[in-house]
Amino acid sequence: MFKDLHCHLLPGIDDGCKTMEDSINILKQAEKEGVVEMILTPHYIENSRYNCNNKNKRELLEKLQEEAEKENIHIKLYLGNENYISEKFVELLLKREITTLNNTRYLLLEFPLNQTYQNSKQILYKLVTMGCIPVLAHPERYRDFQKNPKLAEEYARMGVLLQGNYKSLFDKYGKEARKTLEIFLKKKLISFLGSDTHHLDEFKIDKARKKIKKLVKDEEYLEDLFVNNFDRVIKDEDIK
């Protein structure tokens, strides 16, 4: 069983699924491989075409859930965003342009992949002080973290949680991403896993579980990664 914190299944609003049919096909594959709940996290990138607001996202989510039920798909869907880091995070939240994960304290965000965002720590600190819990998407993919994995520990001390893309373990984003995620998992710096699915593909849940089990050798932590911490987010509970 797996509960997916990060995917791009809302159709037609970012670089993920283009049509409702695409979304349904991925949901069928996900259910087949053991996914039971998913938070749909379309990109929100200010001043780009990936900036669908909350009202439209909610309408799309309702339509997708209806279509999934017609197809006898039993995956429960929630709404979120993958928010590209911005000086205007607080303003966008207050305006209800972007959303946290299931309208909780948890805010999924991403950094530039290949360059340093100069004010990142200041922005994250501001979010923490206002009561948000930042969740950094796929840290293993960022060049800064690959060069200096200890950077993740600095963010963790600030109160930032880390969400790994488990498909990084299969070299989906290159060897450096795989090595970096393995380091983070061994140190138990990762709080959540996501598929980051954009298009129809294998979910590889069983393979990921076996591989991570060999790395961490801790059944409780494994269950936190695959199920329990997802549940804590949905209920807006604290993560250990």
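Residues numbered from 1 in each chain as written. Predicted model: local features only at pLDDT ≥ 70, side-chain atom pairs only at ≥ 80, totals over all residues. Heavy atoms only, no water.

Trainee: Would you mind showing me how to read the sheet that holds strand E8 (residues 161-165) here?
Mentor: Hydrogen bonds between backbone groups are what pair the strands of a sheet, and the pairing can be parallel or antiparallel. As summarised here, the arrangement of the 6 strands in space is E3-E5-E6-E7-E8-E9, forming an open sheet in which the pairing is parallel. Of all the strands in the sheet, just strand E3 (43-44) and strand E9 (190-194) have a single pairing partner and so form its edges. Pairing of strand E5 (residues 82-84) with strand E6 (residues 106-110) involves 2 bridges; the strand directions are parallel. Within E6, the position partnered with Tyr84 by the bridge is Glu110. (Pairing = 2+ DSSP bridges. Helix = DSSP H or I, 4+ residues; strand = E, 2+ residues; numbered from the N terminus.)

Trainee: I'm lost on the sheet that holds strand E2 (residues 35-40) in this one. Help?
Mentor: Reading across the sheet, the 3 strands line up as E1-E2-E4 and stay open at both edges, with parallel pairing between neighbours. The sheet is open, and its two borders are formed by strand E1 (2-7) and strand E4 (76-79), each paired with just one other strand. Averaged over all neighbouring strand pairs, the angle between strand axes comes to 20°, with direction disregarded. Pairing between E2 and E4: 4 bridges, direction parallel. In the strand pairing of E4, Leu40 is matched with Leu79. Taken strand by strand, helix H2 (residues 54-70) contacts E2 and E4, and its axis lies near 175° from that of E4. (Axes fitted to C-alpha atoms, helices over the stretch in contact; angles between N-to-C directions. Contact = heavy atoms within 4.5 Å.)

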